[in-house]
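Notes for the structure review
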Amino acid sequence: MEKFNSFFKEVNGLRMAEQKPIHYFVCSVGSNSLHLDNRTEENTIVEYFDSEDVVDLAKFAEIVKSKPNCVQKHFIVNKGTEYCAVETDNVKNTYIISSIRRYQFVPKLAAGTATIDTFIDYDKHLEDMATKLESQPGFKLRDSNGKVIPDGKEFAIQILNDPEEYLNEEDMEDIYGHTSIDPLFRGKEWIGIYDGYGNSGDDFLYGQTDGGDSFECETIDDIVYLKYDGEYLFFDDDKSDKIFIGKAVPAKEQRIQIHCDDNGDIWLTKWDSSAFFTCEWIKCAYGAIYLCEYDIPQKFRLVSL
């Protein structure tokens, strides 16, 4: 009951949601694609339609307009793992959202902090960014304060999300029952090493909320390699879409390329490729980090230890 109440605020003695629910129209065949255990889909109105029905967006828009207590500017049409955001007053203006991206985009639509045009412009930005990716001679890693990280210096890798998504002290108490996590890591998300003994036997990178592991870098022939516990981070098409660690210096096709933006934040790609690594939070304390050519790149920040 406490978790349920955390989504509401008290107004004149009544518990009310902090914002209006967004309206979903869900194909009944794919109705299990909604997961009502996250803030993206807890506060929703859902209506179902049959798979053989003609999707009439104008009709859906009129239904939304008839419900003034739900979000009026946009609604979502869901078929299986595909989510289509629709502008209520202009149903020709749509935007396809993958099942992963909805956790970032739908809350912004619901809160009114973004529009479909915002996402379209962002995609154009990513396309432009991808065409500019190239090796940078003399590249140096820098931490969150802009200081160069020398070879062998330990640092943590923070997974960047919207500031409002960071956990506060109250959230930490609700989720973990304690707040004993190192203050450096508390309330944020970090990269750690997942022991792969139960899977392929190979250790790989993943996102975690209870503190991260420490990494370092090594420069060889003007190429910066990320390392963990003396071993190199690498990518292998033949293995998986994950980032692994291994003892050998990665071959060119196995290298992880590091790119910096103007703020010093970084994102990672496969070497000489515009395929970015992203992070999908499978559970509240497990983020899958993997290569994806058709999703938003995950940004990271290096914090010196």
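Below or above, wherever it landed, is the structure these notes cover. Numbering of residues starts from 1 in every chain and runs along the sequence as written. With pLDDT at 70 or above as the cut-off, local features in this predicted model cover only qualifying residues; side-chain atom pairs require 80 or more to be listed or tallied, and sums for whole chains, interfaces and linings still use all residues. Hydrogens and waters are ignored; side-chain quantities use all the structure's heavy atoms.

The way it works is that DSSP assigns letters per residue, a run of H or I at least four long becomes a helix, a run of E at least two long becomes a strand, and they are numbered from the N terminus. When you line up the elements, Arg255 lands in the loop between β14 (243-246) and β15 (256-260). If we skip the residues at most four places from it in the chain, Arg255 touches Ile223, Tyr225, Pro250, Thr269, Lys270 and Trp271. Two residues qualify as a contact provided that any one of their heavy atoms is within 4.5 Å of a heavy atom in the partner residue.

One non-glycine residue, Asp221, lies in positive phi territory at about 55°. Note that Asp221 resides in the loop between β11 (216-220) and β12 (223-228). Burial here depends on accessible area, computed with a 1.4 Å probe over protein chains only, as a share of the maximum for the residue type. Under 20% is buried, over 50% is exposed, and the range in between is partly exposed. The exposed category is assigned to Asp221, whose relative accessible area is 72%. Positive phi values are uncommon outside glycine, yet Asp222 reaches one of about 70°. Tracing the backbone through its elements, the reader meets Asp222 in the loop between β11 and β12. Exposure remark for Asp222: the relative accessible area of 45% places this residue in the partly exposed category.

Next up on the list: the pairing of β11. Strand pairing is defined by DSSP finding a minimum of two bridges between the two strands. Both β11 and β12 contribute to a ladder of 5 bridges, which runs antiparallel. Its bridge partner lying in β12, Glu216 is registered against Lys227. Joining the antiparallel neighbours β11 and β12 is a turn of 2 residues, in which Asp221 adopts a positive phi near 55°.

This paragraph deals with the packing of aromatic side chains. The relative placement of two aromatic rings is captured by the distance of their centres and the angle of their planes. Put simply, two rings from Phe, Tyr or Trp (the six-membered ring, in Trp's case) pair if the centres are within 6.5 Å, and we call them stacked under 30 degrees between planes, edge-to-face over 60, tilted for the rest. Counting across every chain of the model gives 17 aromatic pairs. When the ring of Phe25 is compared with that of Phe60, the centres are 4.0 Å apart and the planes differ by 5°; the resulting orientation is stacked. Pair noted here: Phe25 is in strand β3 (residues 22-27) and Phe60 is in helix α3 (residues 57-65), with a separation of 35 residues, a long-range link. Exposure class is identical for Phe25 and Phe60. Each is buried. One aromatic cluster is present, formed by Tyr194, Phe204, Tyr206, Phe234, Phe244 and Tyr286 through successive ring pairs. We call a charge positioned above a ring when the Lys NZ or Arg CZ atom is no farther than 6 Å from the ring centre and deviates by at most 35 degrees from the ring normal. Over the ring of Tyr232 we find Lys227; its NZ or CZ atom is 4.6 Å from the centre of that ring. Its end group placed over the ring of Phe204, Lys242 keeps NZ or CZ at 5.2 Å from the ring centre.

The sheet built from 5 strands is open, its strands ordered β4-β3-β5-β6-β7 with mixed pairing. The two strands at the open ends of the sheet, each matched to only one other strand, are β4 (44-49) and β7 (90-98). In this sheet, adjacent strand axes meet at a mean angle of 25° when their direction is disregarded. Bridge count for strand β5 (residues 74-79) against strand β6 (residues 82-87) is 6 bridges, and the pairing is antiparallel. Along β6, the bridge assignment pairs Lys79 with Glu82. The axes are straight lines fitted to the C-alpha atoms, using for helices just the contacting stretch, and the angles between their N-to-C directions are given from 0 to 180°.

Our focus in this paragraph is the environment of Asp213. By secondary structure assignment, the location of Asp213 is in the loop between β10 (204-208) and β11. Taking the C-alpha atoms as reference points, Asp213 and Asp229, separated by 16 residues in sequence, lie 9.5 Å from one another. Not counting the four nearest positions on each side in its chain, Asp213 is found in contact with Phe155, Ala156, Ile191, Gly192, Ile193, Gln208 and Tyr228. From its side chain, Asp213 meets the backbone nitrogen of Ile193 in a polar contact 2.7 Å long. As used in this structure description, the phrase polar contact means that two N or O atoms lie within 3.5 Å; if the pair is within protein, one of them must be able to donate a hydrogen and the other to accept it, and residues adjacent in sequence are counted only when both atoms belong to side chains.

We now examine the nonpolar core. The nonpolar side chains of a soluble globular protein tend to be buried with one another. Side-chain atoms within 4.5 Å link the members of a nonpolar core, which is a set of buried Ala, Val, Leu, Ile, Met, Phe, Trp, Tyr and Cys residues. Formed by 28 residues in total, the largest nonpolar core has its most connected members in Leu141, Phe155, Ile191, Leu205, Ile243, Ile258 and Leu268. A total of 3 residues in this core trace back to one element, the largest contributor, which is strand β8 (residues 155-159). Setting aside chain neighbours within four positions, we find Leu268 in contact with Leu226, Ile243, Ile256, Gln257, Ile258, Ala275, Phe276, Phe277 and Phe300. Grouped together as the second largest cluster of nonpolar side chains are 16 residues, Val26, Tyr83, Ala85 and Leu109 included.

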